[in-house]
Amino acid sequence: MKTDPETFIRDNTDIMVPPHVPEIRLHLAGEAHELWLKTEEELEEIGLPPPFWAFAWAGGQGLARHVLDHPELVAGKRVIDFASGSGLVAIAAMKAGASCVLAVDIDPWTGTAIRLNAELNGVDAISSARDIIGNRREADVYLAGDVFYDKAFADRLVPWFSDLVEEGADVLVGDPGRAYCPRDRLEMLATYQVPVTRALEDSEVKKTTVWRFAGSSVSGG
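Residues numbered from 1 in each chain as written. Predicted model: local features only at pLDDT ≥ 70, side-chain atom pairs only at ≥ 80, totals over all residues. Heavy atoms only, no water.

> Outline the overall build of the chain, supporting the account with residue identities and numerical values.
Assigned secondary structure in the chain consists of six helices and nine strands. For the chain, with 221 residues in total, the buried portion stands at 53%. Across the chain, contacts joining residues at least 24 apart in sequence account for 68% of those joining residues at least 6 apart. When the accessible surface of the chain is split by element, carbon and sulfur atoms take 49% of a total near 10000 Å². (Helix = DSSP H or I, 4+ residues; strand = E, 2+ residues; numbered from the N terminus. Buried < 20%, exposed > 50% of the residue type's maximum accessible area, 1.4 Å probe, protein only. Contact = heavy atoms within 4.5 Å. Areas by Shrake-Rupley, 256 points an atom, 1.4 Å probe, with all protein chains shown as cover.)

> Requested: an account of the environment of Asp105, with residues and values cited.
For Asp105, the location among the structural elements is in the loop between β4 (100-104) and α5 (110-120). Spatially, the C-alpha atom of Asp105 lies 6.5 Å from that of Gly85, the residues being 20 residues apart in sequence. What Asp105 contacts, discounting residues up to four positions off in sequence, is Ala83, Ser84, Gly85, Thr110, Ser128 and Ala129. Separated by 3.3 Å, the side chain of Asp105 and the backbone nitrogen of Ser84 make a polar contact. (Polar contact = N/O pair within 3.5 Å; in protein donor to acceptor, adjacent residues only side chain to side chain.)

> Now, about the pairing of strand β3 (residues 78-82): what can you tell me, with residues and values included?
Successive side chains on a regular strand alternate, one facing one side of the sheet and the next facing the other. For β3, a buried count of four out of five residues is recorded, marking the element as mostly surrounded by other parts of the structure. Judged from the four bridges that link them, β3 and strand β6 (residues 141-145) form a sheet pairing that is parallel. Bridged to Phe82 within β6 is Ala144. (Pairing = 2+ DSSP bridges.)

> Run through the layout of surface pockets, naming residues and quoting values.
Computed from the structure, the largest pocket encloses a volume of approximately 650 Å³. Lining of the largest pocket is provided by 31 residues; of these, Phe52, Ala83, Gly85, Asp105 and Tyr149 occupy positions nearest its centre. Only β3, α4 (88-95) and α6 (151-166) provide two or more residues apiece to the lining of the largest pocket. Here the residues of the lining of the largest pocket sort into 17 nonpolar, six polar and eight charged. (1 Å grid on protein atoms, 1.4 Å probe; cavity = no way out; pocket = protein on both sides within 12 Å on 5 of 7 lines; lining within 4 Å. Points joined across faces, edges and corners; volume = space filled by probe spheres on them. Nonpolar A, V, L, I, M, F, W, Y, C, P; charged D, E, K, R; others polar.)

> Can you break down the nonpolar core residue by residue, with the values?
Ile24, Val67, Val74, Val79, Ala93, Val101 and Leu143 are the most contacted members of the largest nonpolar core, which totals 35 residues. Here this core takes seven residues from α4, the largest share from any one element. (Core = buried A, V, L, I, M, F, W, Y, C linked by side-chain atoms within 4.5 Å.)

> Tell me about unusual backbone geometry, residues and numbers included.
With the exception of glycine, most residues fall at negative phi, and the peptide bonds are largely trans. Although it is not a glycine, Ala83 sits at a positive phi angle of roughly 55°. Even without being glycine, Asp146 reaches a positive phi, approximately 60°. Checked against the element boundaries, Asp146 lands in the loop between β6 and α6.

> Explain the environment of Val194 to me, and be specific about the residues and the numbers.
Along the chain, the position of Val194 falls in strand β8 (residues 186-195). Once residues within four sequence positions are removed from consideration, Val194 is found in contact with His20, Ala58, Gln61, Gly62, Glu204, Val205, Lys206 and Thr208.

> Give a description of α6 that names residues and reports values.
Taking 1.5 Å of rise per residue, the 16 residues of α6 would be expected to cover 22 Å, and the 23 Å separating its terminal C-alpha atoms lies within 8% of that figure. Backbone nitrogen of Ala152 and a side-chain oxygen of the N-cap are separated by 3.2 Å at the start of α6; the cap is Asp150. Gly168 sits one or two residues past α6 and shows a positive phi near 105°. (Expected span 1.5 Å × (residues − 1).)

> Which residues make up the pattern of salt bridges, and what values go with them?
Enumeration according to the criterion identifies 14 salt bridges in this entry. With a closest N to O distance of 3.0 Å, Asp69 and Arg65 form a salt bridge. Within this pair, Asp69 and its partner Arg65 are both found in helix α3 (residues 58-69), separated by four residues, close to a single helical turn. What makes Asp69 partly exposed here is its relative accessible area of 41%. According to the relative accessible area criterion, Arg65 is buried, its value standing at 10%. A salt bridge links Glu167 to Arg136, with the shortest nitrogen-to-oxygen separation between them at 2.9 Å. Note that Glu167 is positioned in the loop between α6 and β7 (170-175) and Arg136 in the loop between β5 (126-128) and β6, a separation of 31 residues in sequence. For Glu167, a relative accessible area of 27% puts it in the partly exposed group. (Salt bridge = Lys/Arg side-chain N within 4 Å of Asp/Glu carboxyl O.)

Any link to function would need more than the numbers given here.
If you want it as structure tokens, here you go:
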């Protein structure tokens, strides 16, 4: 890495509260930070992948809210937070009583972001940069916030999630209406109106749905 992640994160974020999950504090990029404005070329120069970890995305906020409001979904269970980003959903699962939580994200910067955010919230973080797509079930519950934004990625996730369900896992997804969300494979659990920033999304509030992934097509989904 050309830049030290911890130094960069501390210098380019503020400690903020996601509006839909006020119980949790995170190192996030506010509009006052140049991180909002940097192009991919500028990020590449400092060795920084696109900093998805620096924002509280609507899908993650909705899923974290649902986990905190329904702790029985994760309490006493082994949990994997997939594509964890800032670690928001993983932290929510830890606060809700999960026996252990692994926050997984292939971006090498997220491990530092998750550790710093977990420290802010008084929980222990275990993170991994492994690409686990296609792996056999390693947890009781898989949480995935806002993962259906890209068709190629969604095409990899759907058969894997289906296999995990067949192996006995509970797969919960938070999605703010992304184009490639496979609604015919999902059972709706709840919807939330999540405040977001116009710099990231096309509106100031995103309707976010928490879904349970089903092993096969759901009629009327």
